[in-house]
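# Structural features, examined
Residue-level listing of the chains:
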Amino acid sequence: MELRHLTTLHEPTPLGIDPGCAPYFGWQLHSETLNTRQIACRLQVCAPDGAVLWDTGRQETGQAAFVPYRGPALCPRTRYTWTVTAWDNHGGTAAAASWFETALAPADWQATWMRTPRAYTQRHKGFGTQPPATLFRRAFTLQTAPQTARLYLTCLGVYRLTVNGQRPDDREFAPEHTSYRKTLCYQTYDVTGLLRAGENVLGIEVGDGWYCCPQTQPPIDGLQPDHTVLFQLEVTGADGRRVIVSDGALHCREGEVRASDLFDGESQDLRLATPGWDAPGFDAGAWAPGRAVDPPLLCPEVGGPVRPVCTLPAVRVYRSPKDEWIVDFGQVVTGRARVTADLPAGAALTLEHFEATEPDGSYHNSVQSAMGVAEQKDTFISDGAAHTYEAKFTFHGFRYVRVTGLDAPDPAQFTAVVLASDKADAGTFACSDERLNRLYENTRWSQRGNTLSIPTDCPQREKAGWTGDIALYARTMLLNEDATSFLTRWLHSLACDQRGNGSVPFTVPDTSIYYYSGLQMGKQTGCGGPVCSAGWGDAAIAVPWAMYEITGNTCVPNFPFSNYMIKILGENTTVKASTEDALIWDQVIGSTVDDLGLWCNYAQLYRDIAHCVHDGIFQRVLPPEEYAMFDWDAFKNNDPTIMPKLLRHIAQNDNEMAYIGYGPLVWCERWDDMAWFDTTASCLINYRGWPVHHALESQAQVGALLNMIFNRDPMIHSHENLHNCGLPVDLKKQIAAEL
């Protein structure tokens, strides 16, 4: 027997973990003997001087994952070693050792947040409307070569780091997407081998990223986002300890990235590049100093970085019937196109990314007008030299690229760079039926494409962390990949974004565009403040429960409510449906009642939740005699005779249930069935005595109509909203007469 794959916080030898957060440990047993299992183990954690900090002694347990550290508090900036000894049921014994290193404590920061000195520029949607990326340069001198060197770094935006002109790793989009209102991750680098005696240079190139992008800016009042950095380099050498920080000695200028947006794309002009700017010997005397600003809250990063996980060659290049050059990579991916070309100075190369062609094989813009995104485009202006062109601060969802600027493109010039958060496989699948294999591969490609920093709904239009999507998909994700660290970090953002009234945002991290949707729903429900809707807010419970169910994880940090629920659910499988007024489906997270009362069984999660809402809401809406005879099964199956009866009583109660979200529509399992929508709307219109001359054309029109009928908020129930709601003209006239 031997022990392998030792992990701390589910990561091998993590560098820079939070010293204030007790870690947990894991390992795997490997044996050539069948039916081998662990029957006991012992853990020891040692300080750098070898002193034993914590010793469990022999514990009679088979637990080999999520074993929590219960020793004394850890010190910051310290490397600890730990050893595990395991005994198996055949009398065998094995031991193995690993290490982890803690990051800074909050009081250890000596650095100053330094911002680009240019005047604030408000960001707008659209390609090329953003300000250029910023180059931050910090030169310093070391008397001797370092023995150890740690760099702690973050920014507002996304950055690329070089040390003396070399990148320390291949991570992308650091510090990644978190709940910026309450937490911003910083990264820890071991840069010992990149520093030398004499002059050294830290180069940090910063683009807009999520923090500065109009679609993903955090909902912070008065926010004026722009490129800002914070770093602290701690060097130990023969001459002692040295600390180099971001301060007034930092110099800035704009780079060749002239505009970058996570949605619309990036523009580069290589004629404006500054070769050698991030290496010793460069004269930065004309560069402007950075500007000090107030700091946000910081925490060490958890989980693997976004990085290039694979590359795909072009399958073919063809000319479309519209005389376009189209590159086909054979697979929809999340990432960027890389092109090698030798162009004359001033020549433009344009790459337009898309997922599916028109029927004739020509270019099709699949993102136009969605979220204000017009295109997925990268452009490059040549400086006259041969280059490999690739964007730095954007990513796209695409299979095809329309190429402009190359006369006769060759497939060998093109590579698709696939980007995702780094995760190990947890399981794979293959069988003799290639159709099933392709279906499984589709699942894996979709998962890979929607786990870039956060779990998203799509990698091209919204790129948002919709809570409902991951609530449903978390189990499958964990069966495919070891996503524990990835989901743990996302749950930390969820805990930060959870509101005082208990509700969870539609998207995590919360962003301005969806925050105001929550505010509108809060007005609709009358519960005050932003709220969420059923199913989406349930991610607060469903995701930690999936983590527990698939991996046995009971160590989700900073999330005591979920841990409480997991503990109770492990002991109790009885449904305790509440009929308290507090059980209002969309007013809080959709899975909670006063005092954390347990009311659902996670073995039948959504069925039981629906049953509870039936008892807690419909009982108050329907008259007692009709409630007693209510055909719940018919309702769940969308029996057309049930909905008119329910809607009639909701309307007669004068909005007693405060018209929760989309009201009864949330219960329609066939919610994309326009015939069902039309029937529902007709029932409502007829109740008010409004004539119906034709079917409504969209879900949005039905939603607008329901707002008009049920909502009493003057900002929504108004002529202005009526004008903008998109309802048929004749129907708007009827409603306007009653406003």
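Owing to the predicted nature of the structure, the values given are computational and were not obtained by experimental measurement.

### Here's the deal with the packing of helix α3 (residues 467-480) against helix α6 (residues 539-551)
Packing of α3 against α6 brings their axes to within 9 Å, and their N-to-C directions diverge by 5°. Considering the angle they form, α3 stands roughly parallel to α6. Across the interface between the two elements, Thr-467, Ile-470, Ala-471, Ala-474, Arg-475, Leu-478 and Leu-479 from α3 touch Ala-539, Ala-542, Val-543, Ala-546, Met-547, Glu-549, Ile-550 and Thr-551 from α6. Looking at side-chain class alone, the contact of α3 with α6 contains 11 nonpolar, 2 polar and 2 charged residues.

### Observations concerning the confidence of the model for the protein chain
When the pLDDT values of the protein chain are averaged, the result is 80; 74% of them are 70 or greater. Note that pLDDT drops below 50 for residues 706-726; the model gives that stretch 46 contacts with residues more than four away or on any other chain.

### Observations concerning the packing of aromatic side chains
A full pass over the atoms with the stated rule returns 20 aromatic pairs. For the ring pair Phe-173 and Phe-395, a centre distance of 5.6 Å and an interplane angle of 75° mean the geometry is edge-to-face. Here Phe-395 lies in the loop between β28 (386-389) and β29 (396-404) and Phe-173 lies in the loop between β12 (158-163) and β13 (184-190), a separation of 222 residues in the sequence. We classify Phe-395 as buried; its relative accessible area is 5%. Taken together, the aromatic side chains of Phe-25, Tyr-80, Trp-82 and Phe-100 make up a single cluster linked through ring pairs. Residue placement shows Arg-79 over the ring face of Trp-99; its charged tip is 3.5 Å from the ring centre. Sitting over the face of the ring of Tyr-363, Arg-402 holds its NZ or CZ atom 3.8 Å from the ring centroid.

### Section: α3
Spanning 14 residues, α3 covers 19 Å between terminal C-alpha atoms, matching the ideal 20 Å at 1.5 Å per step. A maximum bend of about 55° is found in α3 at Tyr-473. Taken together, the buried positions of α3 are Thr-467, Gly-468, Ile-470, Ala-471, Ala-474, Met-477, Leu-478 and Asn-480.

Rules used in this analysis
Residues numbered from 1 in each chain as written. Predicted model: local features only at pLDDT ≥ 70, side-chain atom pairs only at ≥ 80, totals over all residues. Heavy atoms only, no water. Axes fitted to C-alpha atoms, helices over the stretch in contact; angles between N-to-C directions. Helix = DSSP H or I, 4+ residues; strand = E, 2+ residues; numbered from the N terminus. Parallel < 35°, antiparallel > 145°, perpendicular 65-115°, else oblique. Contact = heavy atoms within 4.5 Å. Nonpolar A, V, L, I, M, F, W, Y, C, P; charged D, E, K, R; others polar. pLDDT = per-residue confidence, 0-100. Phe/Tyr/Trp six-rings, centres within 6.5 Å; stacked < 30°, edge-to-face > 60°. Buried < 20%, exposed > 50% of the residue type's maximum accessible area, 1.4 Å probe, protein only. Lys NZ or Arg CZ within 6 Å of the ring centre and 35° of its normal. Expected span 1.5 Å × (residues − 1). Bend = angle between axes of the 7 residues up to and from the residue.

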